[in-house]
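Chain and residue survey
Okay, here's what each chain looks like letter by letter:
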Amino acid sequence: MTTGTFQPAEGGQAFTLDGRAVPFAAGQTIIQAALAAGAYIPHLCHHPEFKPHGSCKLCTVKVNGRQTAACTMQAQAGMDVESDTPELNDERRALVQMLFVEGNHFCPSCEKSGDCRLQATAYDLGMMSPHYDHFYPSRPLDASHPDVLLDFNRCILCSLCVRASREVDGKSVFGLSGRGIGAHLIVNSRSGRLADSDFSAADKAASVCPVGVILPKRRGFAVPIGERTYDAAPISERDVRGVS
Amino acid sequence: MSDPVKKKLRVATTSLAGCFGCHMSFLDIDERLFALLEAVEFDRSPLTDIKTVGAAGMCDIGIVEGGLCNAENVHVLREFRKHCRVLVAIGACAVNGGLPAQRNHLELGAMLEEIYHAGHGVARGTIPNDPELPLPLDKVHPLHEVVQIDVFIPGCPPSADAIWAVLTDLLAGRAPALGHGLLHYD
């Protein structure tokens, strides 16, 4: 398969995405095939290196008229997939707004600003305000680890750190606990503190957070605001260049 | 026959629980201020020092910086809503509470106690209770949680170019839109 083309490979299978043919290999999900073909579908909990989680619902598309998550639905020949429509983008914007008001997302004082996938996705969806009433939850930091700070205020429960620690690092340092609005990120140690877990700054889980929860200490604003990942190009362009 | 004189739009601005940084960024439109002044006149604003909004007639555009941290902020915001056809929330604090809202997980009484009475380096301090002082709110709120907001300009502060883009859209009667590079939350 050639990146950046919408033409099906010779004799290959394809589905249509917003009216254009997208080729896929057997077993690929809709979002995997779309991104490989240069078509962006907004997403937060999807990551090309990990099994799908299907929780953020940003990648919701309409397949033959019915809504489903593009990260969990396997591509099938002849599917008619709608993604970049005003209706779906309005719903995606509402989901992102809910994520913003459920946590404490103060971009001006966040080290991740400009590199944050939640922020970049909100920019791309044209989110001008959080719209809903803010929850302003109280979520204390965990600064116990010598190399890494945890700021739970920004957690969007994407579970990427959970998956990375379990599947790549083989440590299961992180977990999601509670249900519904009580769901939150926890650290697997007797004290609940990161310093008392076997977490290391070299872990995959240390670098996979799409927002500003898992932050390396003593780095801060080494790259100035204005010269960061999504300052150069919007997330919808970066993601289809094979950069996540 | 000479062209009819175009009526200038009336614009009011204020800063509530903000730092006036958005007003400073507004002044950063620099020489574009001359073009703006061809099209607008200012009502209540730190630029005119007029103290009440809408006294000389309904305003076309009200621009509010800062969130709501005390009772006076709420009063002024409601006055702006009452006297402005289009109300604009400018900056991170107006949009989501911003820096002042980072006190929201703390208990107000305990905060006042620590800052004015028991805190490090405070000698014989008392919590201010002059009746002229507006009462602080239990939590800091963004503007849209209290009144209808028509237009948002996020940013801390929004750049002069972003402010200019919104103002020119509004003056031309278009729905304002900020694309990549102008839409920032930081």
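Residues numbered from 1 in each chain as written. Chains lettered and ligands numbered in written order. Predicted model: local features only at pLDDT ≥ 70, side-chain atom pairs only at ≥ 80, totals over all residues. Heavy atoms only, no water.

1. Observations regarding the sheet that holds strand 2 (residues 40–42) of chain B
Residues and elements named next belong to chain B. What the five strands build is an open sheet, ordered 2-1-3-5-7; its pairing is parallel. Of all the strands in the sheet, the pair left with one neighbour each is strand 2 and strand 7 (151–153). Neighbour-to-neighbour, the strand axes of this sheet turn through a mean angle of 25°, independent of strand direction. For strand 1 (residues 9–15) and strand 3 (residues 59–65), the ladder comprises five bridges, and the chain directions are parallel. Bridging from a neighbouring strand, Thr-13 pairs with Ile-63 of strand 3. (Pairing = 2+ DSSP bridges. Helix = DSSP H or I, 4+ residues; strand = E, 2+ residues; numbered from the N terminus. Axes fitted to C-alpha atoms, helices over the stretch in contact; angles between N-to-C directions.)

2. Focus on the nonpolar core
The biggest cluster of nonpolar side chains holds 63 residues, and the ones touching the most others in it are Leu118(A), Phe174(A), Phe199(A), Ile214(A) and Leu36(B). Among the elements that line this core, the one with the most residues is helix 6 (residues 160–171) of chain B, at eight residues. Mapping this core onto the domain boundaries places at least three of its residues in each of domain 1 (13–84) and domain 2 (92–218) of chain A. Other than its neighbours up to four places away in sequence, Leu118(A) contacts Leu44(A), Val96(A), Leu99(A), Phe100(A), His105(A), Ile156(A), Pro210(A) and Val211(A). (Core = buried A, V, L, I, M, F, W, Y, C linked by side-chain atoms within 4.5 Å. Buried < 20%, exposed > 50% of the residue type's maximum accessible area, 1.4 Å probe, protein only. Domains from an automatic or database assignment. Contact = heavy atoms within 4.5 Å.)

3. Focus on the packing of aromatic side chains
According to the stated counting rule, one finds five aromatic pairs over all chains in the structure shown. Between Phe15(A) and Phe24(A) the ring centres are 5.9 Å apart and the planes differ by 40°, which places this aromatic pair in the tilted class. Residues Phe15(A) and Phe24(A) agree in their burial class; the two are buried. A centroid spacing of 5.8 Å and a plane angle of 85° characterise the contact between Phe100(A) and Tyr185(B), whose relative ring orientation is edge-to-face. Of the two residues, Phe100(A) sits in helix 2 (residues 86–102) while Tyr185(B) sits in the segment after helix 6, which places them in two different chains. An identical accessibility class is assigned to Phe100(A) and Tyr185(B); each is buried. Put simply, the rings of Phe100(A), Tyr123(A) and Tyr185(B) touch in pairs and so form one group of aromatic residues. (Phe/Tyr/Trp six-rings, centres within 6.5 Å; stacked < 30°, edge-to-face > 60°.)

4. A short note on the domain arrangement of chain A
Residues and elements named next belong to chain A. Domain assignment breaks chain A into domain 1 (13–84) and domain 2 (92–218). Measuring from the centre of the C-alpha atoms in domain 1 to the corresponding centre in domain 2 gives 25 Å. Across the contact, 20 residues belong to domain 1 and 22 residues belong to domain 2. Of the roughly 1,500 Å² buried where domain 1 meets domain 2, counting both sides, 59% is carbon and sulfur surface. Considering only the side of domain 1, the residues that lose the most area to domain 2 are Leu-44, Phe-50 and Leu-58, jointly responsible for 45% of the buried surface there. Counting across the interface, domain 1 meets domain 2 through one salt bridge. With a closest N to O distance of 2.9 Å, Lys-204 and Glu-49 form a salt bridge. At the boundary of domain 1 with domain 2, the tally comes to eight residue pairs in polar contact (both at pLDDT 80 or more). Here the side of domain 1 that touches domain 2 is built from residues that sort into eleven nonpolar, six polar and three charged. (Buried area = accessible area lost by both parts, 1.4 Å probe. Salt bridge = Lys/Arg side-chain N within 4 Å of Asp/Glu carboxyl O. Polar contact = N/O pair within 3.5 Å; in protein donor to acceptor, adjacent residues only side chain to side chain. Nonpolar A, V, L, I, M, F, W, Y, C, P; charged D, E, K, R; others polar.)

5. Brief notes about the side chain of Ser165(A)
All names here are of chain A. For Ser-165, the position within the fold is in helix 4 (residues 160–168). For Ser-165, a relative accessible area of 0% gives the class buried. Ignoring anything within four residues of it in the chain, the contact list for Ser-165 reads Gly-170, Lys-171, Ser-172, Val-173, Phe-174 and Ala-205.

6. Quick look at the pairing of strand 8 (residues 184–187) of chain A
All names here are of chain A. Burial of the side chains of strand 8 is restricted to one face: Leu-185 and Val-187 are buried, whereas none of His-184 and Ile-186 on the reverse face is. Two elements, strand 7 (residues 174–177) and strand 8, share four bridges in a ladder whose sense is antiparallel. Residue pairing for strand 8: Ser-177 is matched across the bridge by His-184. Adjacent in sequence and paired antiparallel, strand 7 and strand 8 are bridged by six residues, among which Gly-178 carries a positive phi angle near 80°.

7. Structural notes on a nonpolar patch on the surface
Residues and elements named next belong to chain B. A cluster of nonpolar side chains, namely Met-24, Leu-27 and Leu-47, defines an oily patch on the protein surface of about 270 Å² accessible area. By the secondary structure assignment, Leu-47 is in the loop between strand 2 and strand 3. Under the relative-accessibility criterion, Leu-47 is labelled partly exposed at 42%. (Patch = residues over 30% accessible without salt bridge, like charges linked within 9 Å, V, L, I, M, F, W, Y side chains within 5 Å. Areas by Shrake-Rupley, 256 points an atom, 1.4 Å probe, with all protein chains shown as cover.)

8. A short note on the interface of chain A and chain B
Every contact between the two is made by 29 residues of chain A and, on the other side, 23 residues of chain B. Summing the contributions of chain A and of chain B, the shared interface buries around 2,000 Å²; its carbon and sulfur component is 61%. Interface area lost by chain A to chain B is led by Tyr123(A), Met128(A) and Tyr136(A), which between them contribute 36%. In this structure, the connection of chain A to chain B is made through ten residue pairs in polar contact (both at pLDDT 80 or more). Elements represented by at least two residues in the side of chain A that touches chain B include exactly helix 3 (117–124) and helix 5 (229–232) of chain A.

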